[in-house]
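# Commentary on secondary and tertiary structure
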Amino acid sequence: MSRGWLLQRERGSRFALRLITWIALHLGRASARILLYPICIYFLTFAGRARRASRQYLQRVLGCRANIMHVGHHFHSFAATILDRVFLLTDRYGQFDVCIHGAESILQRVQRKQGCLLLGAHLGSFEIMRTLGIDEAGLPISVLMYEDNAAKTIEIAKALNPELANTVIPIGGVDSLLLVKEKLDQGQLVGLLGDRTLAHDKIVYCSFLGERAVFPAGPMLLAAAVKAPVFLCFGLYRGGNRYEVHCELFAERVDIPRAGSGQELQHWVQRYAERLEHYCRVAPYNWFNFYDFWAAAP
Amino acid sequence: MPEANHLEGEVARLIVETLNLDIDPTGIDPQAPLFREGLGLDSIDALELALALSQRYGFKLRADDPNNTRIFSSLRALTEYVRVNRAK
């Protein structure tokens, strides 16, 4: 089931997350990174489902048989970005080497007070995007997300940076998208991720890395409803302390007529899937959907 | 209350037209939930509906209004909100 990510319990106890957060903040990034190895070995041993999903994905993207070393690399890359979130959430950007591509256009629009949607994926680190605005006293950005799902992670994020937690717009309320529209009208940026589906979501089948996969229709329908420009944004982790942020204009306007045949919707979501595929090939170990992404829709 | 019924019919037509629903506006049960159950609308429908209502009746639905869930609970509740808040 492609919605398997919801069913997959957040692994790692509250204690483990707190411990690594404490070590990161008190002993520093280098010490905390040593812990990533035993953590990865633990997950390689006990997280069978994630291991199989990783191997399946890597075989598609690399085009060769993925072995345990590939999967280990994949897990390590995921764990490293989770750890770095501690530093990013506490505004310790200094220790990262971030190379930014294509953000000028977004910054110009922010100066003109033109609200934009920033569409990402569970590819790399979304938090690194906050470094985009550090010279400008912070970008006015909110993030639309399913708050219940990653409750534990969010709880820690809130403890680290309560102000940031206020910029989360929880999905699901009858008025949550009205809030998105208000933020955009005020010239702010709203980020969301376009790759995971939830039960009851409208879905679209797209060709992705050689096979049909299910994508949510929601992000494109939202873009059409708010009539705001859409930028794609991916914060790719490149090993060590290096990140690469890639931003590109996806569309000035996503036009999906209500009375249409569904072709326009299909077109836009497929285009998103194609760009996502491109960035998966650029940075294969950044794909952080550890469930069978190509499973048939429920 | 012919005027209230008239407005209810008008709001029902606006819902059907805005969301391009394949139903007869007069067939909407005014007391039934609009979202999830009932008409089965979702959050994008809610946004589009809110924008269309604002444009048609000249008020602004605000995301921080604590009554939003109630306002959108049924056709009747929505019509009542329009009746009280309309500016045109």
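Reading the values: the criteria
Residues numbered from 1 in each chain as written. Chains lettered and ligands numbered in written order. Predicted model: local features only at pLDDT ≥ 70, side-chain atom pairs only at ≥ 80, totals over all residues. Heavy atoms only, no water. Helix = DSSP H or I, 4+ residues; strand = E, 2+ residues; numbered from the N terminus. Buried < 20%, exposed > 50% of the residue type's maximum accessible area, 1.4 Å probe, protein only. Contact = heavy atoms within 4.5 Å. Areas by Shrake-Rupley, 256 points an atom, 1.4 Å probe, with all protein chains shown as cover. Core = buried A, V, L, I, M, F, W, Y, C linked by side-chain atoms within 4.5 Å. Buried area = accessible area lost by both parts, 1.4 Å probe. Salt bridge = Lys/Arg side-chain N within 4 Å of Asp/Glu carboxyl O. Polar contact = N/O pair within 3.5 Å; in protein donor to acceptor, adjacent residues only side chain to side chain. Pairing = 2+ DSSP bridges. Lys, Arg positive; Asp, Glu negative; His and termini not counted. pLDDT = per-residue confidence, 0-100. Axes fitted to C-alpha atoms, helices over the stretch in contact; angles between N-to-C directions. Parallel < 35°, antiparallel > 145°, perpendicular 65-115°, else oblique. Nonpolar A, V, L, I, M, F, W, Y, C, P; charged D, E, K, R; others polar. Phe/Tyr/Trp six-rings, centres within 6.5 Å; stacked < 30°, edge-to-face > 60°. Lys NZ or Arg CZ within 6 Å of the ring centre and 35° of its normal.

## Here's the deal with the overall build of chain A
In terms of helices and strands, chain A carries 12 helices and nine strands. For chain A, with 298 residues in total, the buried portion stands at 54%. For chain A, restricting intrachain contacts to residue pairs at least 6 apart in sequence, the fraction spanning at least 24 positions comes to 76%. Surface accessibility of chain A: about 13,500 Å² in total, with carbon and sulfur atoms responsible for 55%.

## Here we look at the nonpolar core
Counting 127 residues, the largest nonpolar core has Phe208, Phe215, Met220 and Val254 of chain A together with Leu53 of chain B as its most contacted members. Broken down by element, the residue count for this core peaks at nine residues, all from helix α6 (residues 68-89) of chain A.

## Quick notes on the interface of chain B and chain A
Of the residues lining the interface, 21 residues belong to chain B; the matching set on chain A comes to 17 residues. Among the residues chain B hides against chain A, the three largest losses belong to Ile44, Leu47 and Ala63 of chain B. Together they make up 34% of the total. Taken together, chain B and chain A are joined by three salt bridges. Where Asp45 of chain B meets Arg258 of chain A, a salt bridge forms, and the shortest distance between an N and an O atom there is 2.7 Å. The interface formed by chain B and chain A contains seven residue pairs in polar contact (both at pLDDT 80 or more). Elements that contribute at least two residues to the side of chain B that touches chain A include exactly α2 (43-57) and α3 (68-71) of chain B. Element by element, the count of residues in the side of chain B that touches chain A is highest for α2 of chain B, at eight residues.

## Details of the pairing of strand β7 (residues 211-216) of chain A
All names here are of chain A. As judged from the six bridges shared by strand β6 (residues 203-208) and β7, these two strands associate in the antiparallel manner. Pairing of Ile203 across the sheet is with Pro216, part of β7. Where β6 folds back onto β7 in an antiparallel hairpin, the turn is made up of two residues, including Leu209, whose phi is positive at roughly 50°.

## A word on the pattern of salt bridges
Residue and element names in this part refer to chain A. All told, the structure shown has 15 salt bridges over all chains when counted by the stated rule. Here Arg29 and Asp84 are joined by a salt bridge, their closest N and O atoms 2.6 Å apart. Of the two residues, Arg29 is situated in helix α3 (residues 29-34) and Asp84 in helix α6; the sequence distance between them amounts to 55 residues. We note that Arg29, like Asp84, is buried. Of the charged contacts in the structure, one is a salt bridge between Arg281 and Glu277, with a shortest N-O distance of 3.1 Å.

## Description of the environment of Val214 of chain A
Residues and elements named next belong to chain A. By the secondary structure assignment, Val214 is in strand β7. We classify Val214 as buried; its relative accessible area is 1%. Along the primary structure Val214 and Trp294 are separated by 80 residues, whereas in three dimensions their C-alpha atoms are 7.0 Å apart.

## A word on the side chain of Lys183 of chain A
Residues and elements named next belong to chain A. Relative to the assigned elements, Lys183 resides in helix α10 (residues 176-185). For the buried Lys183, no salt bridge exists, and the shortest N-O distance to an oppositely charged side chain is 7.6 Å, to Glu182. In contact with Lys183, not counting residues within four places along its chain, are Ser142, Ile169, Gln188 and Val190.

## A short note on the confidence of the model for chain A
Mean pLDDT over chain A: 87, with 89% of residues reaching 70 or higher. When mean pLDDT is taken per element in chain A, helix α12 (residues 263-282) of chain A scores highest with 97 and helix α1 (residues 4-7) of chain A scores lowest with 48.

## Digging into the packing of helix α11 (residues 218-226) of chain A against α2 of chain B
For the pair α11 of chain A and α2 of chain B, interaxial distance at closest approach is 10 Å and the crossing angle is 5°. With respect to α2 of chain B, the axis of α11 of chain A lies roughly parallel. Between α11 of chain A and α2 of chain B, the contacting residues are Gly218, Leu221, Leu222, Ala225 and Val226 of chain A on the first element and Ile44, Leu47, Glu48 and Leu51 of chain B on the second. For the contact of α11 of chain A with α2 of chain B, the class distribution of residues is seven nonpolar, one polar and one charged.

## Description of the packing of aromatic side chains
Residue and element names in this part refer to chain A. The full count for this structure, using the stated rule, is 23 aromatic pairs over all chains. Judged by centre distance (6.2 Å) and plane angle (85°), the rings of Phe215 and Tyr272 are edge-to-face. In this pair, Phe215 is assigned in strand β7 and Tyr272 in helix α12, connecting sequence segments 57 residues apart. On the basis of relative accessible area, Tyr272 is assigned to the buried category, the value being 1%. Here a set of aromatic residues connected by ring pairs shows up, and it is made of Tyr57, Phe208, Phe215, Tyr272, Trp287, Tyr291, Phe293 and Trp294. A cation sits over an aromatic face here: Arg212 above Tyr205, 3.8 Å from the ring centre.

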